[in-house]
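Structure assessment
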Amino acid sequence: MARPTAHTRRIVMATATAAVLTGGVAAAVFLGSDTSADGPGPALAHSSTTGKSDDKPGGRPSGPAEPSGPGGDDSAPDGSDGSADSTGPAAPAGSAGISETIDHATESGGKSVSITIDDGPSPVWTPKILAVLKQYGVKATFCMIGPQARANPAMVKQVVAAGHRLCDHTVSHDEAMNKKPVAYQSTEVLDAQRMIEQAAGGGAKVQYFRAPGGAFTPDNRHTAAGHGMRPLGWNVDTKDWKQPGTATIVNTVKQQLKNGPIVLFHDGGGGRAQTVEALKELLPWLSQQGYTFSFPAV
């Protein structure tokens, strides 16, 4: 769970709203509510040690990870599961023609960056972030939590109408999903995809899958790719969910850009005023440094 500080939101965990029984294992999905004045959002657990950091040079895992439980491997700090193909050549495409390799590159290549926004949509913060992106002519990828999308379909439609792309961030933001049965992981991925696409309407498709906290496994990557979603990692972790201050968020991006082009922000899970202000500083600064903006590779 996010650690309470003077700056973090008060989180109230609700009762279990879903239970998935797979292979005799009961997995309860918990959804919470954010009761802070900053606006509504799910109560999200963010680990500071298992997935929300980016300590390795280049933002890539250094080697294979040992299996940690039913269904796969421990996650690496950059949104990689540590399996061999996450750093090498693209893995064979799945049944939908999408690579199962975790993406750490932009479509356009060169000196470009991809802005990715996690944990929404939020009726409070997503519109503010959309306004900043529009002001600077930047397209981003929004990694949405299924129930959040279902609860805020107008916001999902607004994201799509503005030309941004959609990413599946699972149903319950379970950062330990990589330690759970394959059937549970599949439900987390595919139910969220359905919720997001139904909220978007108009035939809009979810093009990426990002496991919460980098809890990727070969199994959930295979499931995602087989349903048209490229696994999406990150190279720059702003840790804006901790609300460390606008200046800290800005400096983190500037310092970590050497790691690679995929930058991670958040629009859900709590107050995101610092994120909005950081984007106002970073987007023009990136342009001044000669960066262009591109979607992640598919």
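Focus: the overall build of the protein chain
- Secondary structure assignment for the protein chain yields seven helices and 12 strands.
- Relative to its 298 residues, the protein chain shows a buried fraction of 56%.
- Here the analysis covers contacts within the protein chain between residues at least 6 apart in sequence; of these, 74% occur between residues at least 24 apart.
- Total accessible area on the protein chain stands at roughly 11400 Å², and carbon and sulfur atoms take up 56% of it.

Thoughts on the packing of aromatic side chains
- Under the criterion given, the structure shown has one aromatic pair.
- Its end group placed over the ring of tyrosine 291, lysine 111 keeps NZ or CZ at 4.9 Å from the ring centre.

Overview of the packing of helix H1 (residues 125-135) against helix H3 (residues 153-161)
- Closest axis-to-axis distance for the H1/H3 pair is 10 Å, and the angle between their directions is 10°. Between H1 and H3, the interaxial angle falls into the category roughly parallel. Contact with H1, carried on its side by Thr126, Pro127 and Leu130, involves Met155, Gln158 and Val159 of H3 and no other residues of that element.
- Looking at the contact of H1 with H3 residue by residue, the class counts come to four nonpolar, two polar and no charged.

Digging into the environment of isoleucine 129
- Along the chain, the position of isoleucine 129 falls in helix H1.
- Classification of isoleucine 129 as buried rests on a relative accessible area of 0%.
- C-alpha separation for the pair isoleucine 129 and aspartate 267, spaced 138 residues apart in sequence, amounts to 7.4 Å.
- Excluding anything up to four places from it in sequence, isoleucine 129 contacts Ile117, Phe142, His266, Asp267, Thr275, Val276 and Leu279.

Some remarks on the environment of serine 112
- Note that serine 112 resides in strand S5 (residues 112-118).
- With a relative accessible area of 3%, serine 112 lands in the buried category.
- Placed 179 residues apart in sequence, serine 112 and tyrosine 291 show a C-alpha to C-alpha distance of 5.0 Å.
- A polar contact of 3.3 Å, which involves the side chain of serine 112, links it to the side chain of serine 108.

So, helix H6 (residues 246-256)
- Restricting attention to buried positions, one finds in H6 the residues Thr246, Ile249, Val250, Thr252, Val253 and Gln256. Take H6 and look down its axis: the buried residues cluster within an arc of 160°, on one side only. In H6, the exposed positions angled more than 90 degrees off the buried face are occupied by Ala247 and Gln255.
- Residues of H6 that are buried sit in contact with strand S10 (236-237), strand S11 (262-266) and helix H7 (273-288).

Some details on the pairing of strand S8 (residues 206-209)
- Pairing geometry for strand S7 (residues 165-168) and S8, over three bridges, is parallel. By the bridge assignment for S8, aspartate 168 is matched with phenylalanine 209.
- Handedness of the S7-helix H4 (residues 182-200)-S8 crossover: right-handed.
- Bridge count for S8 against strand S9 (residues 230-231) is two bridges, and the pairing is parallel. Counted as the bridge partner of tyrosine 208 is arginine 230 from S9.
- Where the polypeptide runs from S8 across helix H5 (residues 218-226) and back to S9, its parallel neighbour, the crossover connection is right-handed.

Considering the side chain of glutamate 188
- When you line up the elements, glutamate 188 lands in helix H4.
- The side chain of glutamate 188 sits in the buried core without any salt bridge; lysine 180 is the nearest counter-charge, 7.9 Å away.
- Only 2.9 Å separates the side chain of glutamate 188 from the side chain of serine 172, close enough to count as a polar contact.

Rules used throughout
- Residues numbered from 1 in each chain as written.
- Predicted model: local features only at pLDDT ≥ 70, side-chain atom pairs only at ≥ 80, totals over all residues.
- Heavy atoms only, no water.
- Helix = DSSP H or I, 4+ residues; strand = E, 2+ residues; numbered from the N terminus.
- Buried < 20%, exposed > 50% of the residue type's maximum accessible area, 1.4 Å probe, protein only.
- Contact = heavy atoms within 4.5 Å.
- Areas by Shrake-Rupley, 256 points an atom, 1.4 Å probe, with all protein chains shown as cover.
- Phe/Tyr/Trp six-rings, centres within 6.5 Å; stacked < 30°, edge-to-face > 60°.
- Lys NZ or Arg CZ within 6 Å of the ring centre and 35° of its normal.
- Axes fitted to C-alpha atoms, helices over the stretch in contact; angles between N-to-C directions.
- Parallel < 35°, antiparallel > 145°, perpendicular 65-115°, else oblique.
- Nonpolar A, V, L, I, M, F, W, Y, C, P; charged D, E, K, R; others polar.
- Polar contact = N/O pair within 3.5 Å; in protein donor to acceptor, adjacent residues only side chain to side chain.
- Arc of directions from axis to C-beta.
- Pairing = 2+ DSSP bridges.
- Right-handed = clockwise from strand over helix to strand, strands pointing away.
- Lys, Arg positive; Asp, Glu negative; His and termini not counted.
- Salt bridge = Lys/Arg side-chain N within 4 Å of Asp/Glu carboxyl O.

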